[in-house]
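# Descriptive analysis of the structure
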Amino acid sequence: MLESTVAAIRPLDEAAMAAARELQGRLTKPAGSLGALEPLSVRLAGLAGACPPPLPEPAAVAIFAGDHGVHAQGVTPWPQEVTAQMIANFLAGGAVVNAFARQAGASVTVVDVGVATPIPGAGSEEPGEAAGPRLVAANVRPGTRDMTVTAALTRDEARAAVETGIRVAGELIDAGAGILLTGDMGIGNTTPSATLIAAFSGVDAEAATGRGTGVDDETYARKVSVVRAALARHEPDPADPLGVLAAVGGLEHAALAGLILGAAARRVPVLLDGVIAVSAALAAAAFAPDAVAAMVAGHRSAEPGATAALRHLGLEPLIDLGLRLGEGTGALLALPVVTGAVRVLHEVATFDSAGVAEK
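A brief look at the structure comes next.

What counts as what
- Residues numbered from 1 in each chain as written.
- Predicted model: local features only at pLDDT ≥ 70, side-chain atom pairs only at ≥ 80, totals over all residues.
- Heavy atoms only, no water.
- Helix = DSSP H or I, 4+ residues; strand = E, 2+ residues; numbered from the N terminus.
- Buried < 20%, exposed > 50% of the residue type's maximum accessible area, 1.4 Å probe, protein only.
- Areas by Shrake-Rupley, 256 points an atom, 1.4 Å probe, with all protein chains shown as cover.
- Lys, Arg positive; Asp, Glu negative; His and termini not counted.
- Charge placed at Lys NZ, Arg CZ, Asp CG, Glu CD.
- Pairing = 2+ DSSP bridges.
- Axes fitted to C-alpha atoms, helices over the stretch in contact; angles between N-to-C directions.
- Phe/Tyr/Trp six-rings, centres within 6.5 Å; stacked < 30°, edge-to-face > 60°.
- Lys NZ or Arg CZ within 6 Å of the ring centre and 35° of its normal.
- Left-handed = near helix turned anticlockwise from the far one by under 90°.
- Contact = heavy atoms within 4.5 Å.
- Nonpolar A, V, L, I, M, F, W, Y, C, P; charged D, E, K, R; others polar.
- Expected span 1.5 Å × (residues − 1).
- Arc of directions from axis to C-beta.
- Salt bridge = Lys/Arg side-chain N within 4 Å of Asp/Glu carboxyl O.
- Parallel < 35°, antiparallel > 145°, perpendicular 65-115°, else oblique.
- Core = buried A, V, L, I, M, F, W, Y, C linked by side-chain atoms within 4.5 Å.

### Observations regarding the overall build of the protein chain
Looking only at helices and strands, the protein chain features 15 helices and six strands. Counting every position in the protein chain, which comprises 359 residues, the buried fraction comes to 57%. Carbon and sulfur atoms form 54% of the exposed surface of the protein chain, whose accessible area is close to 13800 Å². Between the centroid of the 24 positive side chains of the protein chain and the centroid of its 37 negative side chains there is a distance of 4 Å.

### Details of the sheet that holds strand β6 (residues 295-297)
Taken together, six strands build an open sheet; the order of strands is β3-β2-β1-β4-β5-β6 and the sheet is parallel. Both outer strands of the open sheet, β3 (134-137) and β6, are each paired with one neighbouring strand and no more. If you compare each strand with its neighbour and ignore which way they point, the axes differ by 30 degrees on average. Judged from the four bridges that link them, strand β2 (residues 107-114) and β3 form a sheet pairing that is parallel. Along β3, the bridge assignment pairs Thr109 with Arg134.

### A few points about the packing of aromatic side chains
Inspection of every chain in the model, using the stated rule, returns zero aromatic pairs. The ring of Tyr220 carries the charged tip of Arg211 above its face, separated from the ring centre by 4.9 Å.

### Side note on the packing of helix α2 (residues 14-26) against helix α3 (residues 37-48)
Two elements in contact, α2 and α3, have axes whose closest approach is 7 Å; the angle formed by their N-to-C orientations is 145 degrees. Here α2 runs over α3; the crossing is right-handed. Where α2 approaches α3, its residues Ala16, Met17, Ala20, Arg21 and Gln24 are matched on the opposing element by Glu38, Ser41, Val42, Ala45 and Gly46. Residues that form the contact of α2 with α3 fall into these classes: five nonpolar, three polar and two charged.

### Let's talk about unusual backbone geometry
For the peptide bond that leads from Cys51 to Pro52, omega is -5 degrees, which places it in the cis range. Within the secondary structure layout, Pro52 lies in the loop between α3 and β1 (59-66). Looking along the chain, the bond that leaves Glu57 and enters Pro58 is cis, with omega of -5 degrees. Following the sequence through the fold, Pro58 ends up in the loop between α3 and β1.

### Remarks on helix α9 (residues 217-234)
Along its 18 residues, α9 runs 26 Å from first to last C-alpha, staying within 8% of the 26 Å computed at 1.5 Å per residue. Restricting attention to buried positions, one finds in α9 the residues Thr219, Tyr220, Lys223, Val224, Val226, Val227 and Ala230. Down the axis of α9, the buried side of the element spans an arc of 160 degrees, and every buried residue falls inside it. Along α9, the residues that are exposed and aim more than 90 degrees away from the buried face are Asp217, Glu218 and Ala232.

### Quick word on the environment of Leu325
Tracing the chain through its elements places Leu325 in the loop between α13 (304-313) and α14 (329-347). Residue classification places Leu325 among the partly exposed positions, given a relative accessible area of 46%. With 112 residues separating them along the chain, Leu325 and Thr213 place their C-alpha atoms 7.7 Å apart.

### A closer look at the environment of Leu196
Within the secondary structure, Leu196 is located in helix α7 (residues 190-201). Once residues within four sequence positions are removed from consideration, Leu196 is found in contact with Val244, Leu245, Val248, Gly249, His253, Ser279 and Leu282.

### Focus: the pattern of salt bridges
Counted by the stated rule, this structure contains 15 salt bridges. In this structure, Glu157 engages Arg141 in a salt bridge whose closest nitrogen and oxygen atoms are separated by 3.6 Å. Of the two residues, Glu157 is situated in helix α6 (residues 155-174) and Arg141 in the loop between β3 and α6; the sequence distance between them amounts to 16 residues. The same class applies to Glu157 as to Arg141, namely buried. The residue Arg155 makes a salt bridge to Asp240 at a minimum N-O spacing of 2.8 Å. Highlighted residues: Arg155 in helix α6 and Asp240 in the loop between α9 and α10 (241-248), separated in sequence by 85 residues. Relative accessible area serves as the criterion here: at 42%, Arg155 is assigned to the partly exposed category. Overlapping salt bridges bring together Glu3, Arg159 and Glu163 as one network.

### A word on the packing of helix α5 (residues 96-104) against α14
Where α5 meets α14, the closest approach of the two axes is 9 Å, and the angle between their N-to-C directions is 15 degrees. Compared by their axis directions, α5 and α14 come out roughly parallel. Here α5 and α14 pass one another in a crossing that is left-handed. Between α5, through Val96, Val97, Phe100, Ala101, Gln103 and Ala104, and α14, the contact on the second element is made entirely by Thr329, Leu332, Leu333 and Leu335.

### Quick look at the nonpolar core
Grouped together as the largest cluster of nonpolar side chains are 115 residues, with contacts concentrated most on Leu180, Leu181, Leu261, Leu271, Leu272 and Met295. In contact with Leu261, other than residues within four places in its own chain, are Leu2, Thr5, Val6, Ile9, Val162, Ala284, Phe287, Ala288 and Ala291. Ala20, Leu23, Leu27 and Val42 belong to the second-largest nonpolar core, a separate cluster that totals eight residues.

In structure tokens:
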């Protein structure tokens, strides 16, 4: 599945992009006056192979959840059980991502790809209940191994997680989604994110590592040393993205990379959230460079590694609000910007049709 998905990812359609640029030039506004929205609309036309491209709706958030063996190194003060507890909160509709999804009219799917502890209340839903966040059981293993001691995953486990993401992308698109939004949950997951960013982008461990949930100076120093130790132990090769994910990634990172690849293969845009998403995006780009064409950077996470990853991908974030929550929250806040960029091509009159004189 992974190989066939990568093989299906193609470059942007140049004819559709040219048509979108030409249309932008005829709309009743000064050329370039919509700033970053104009090249975004052109790129989405190229992705769809049509001008105007389809409106990016309905939106579907996919939250991939997993736990991390590196938690044992004291990289976060939060107990590992919070991962499962937060999933229960997602399913009950009580998290920030739920509030933002309701505002945006987006669906929420939670995928247990590697949670280590039982999820409170999971499996208790009765058939016929009102539609709400749903849980997909796809646990590859109960958390990764400690990457400072051994590889976090075997190659087969990493592949299984990537292919889970590909399958979820296909299911959401087949159900009608016009845009996918990345979400994540996993206590300790900013540490493997930093390691992935350092491995793929070449930046120093300290430049890739942030304070995550807001750790103190001592814990932050420990995180940096853990990232350095993992990189030194495994010497991950960015030309082997599956090997990098296996050595130092998380199950949710691998699944997010798969989601991005699956969407790119189907020519559907993916709106990236924060540092976990962009670290996974680096892996997706290493599998298939043309997959970057499907990626839209929703926001700039306060985590420093996110900026390094976005720079490596060549993506500019749509908003910058100092967010560092994850879950898909920043992507949801950016969703109206993406929709607006496309709606302009659908609904704004041209100078000729409106009878407006050009300069």
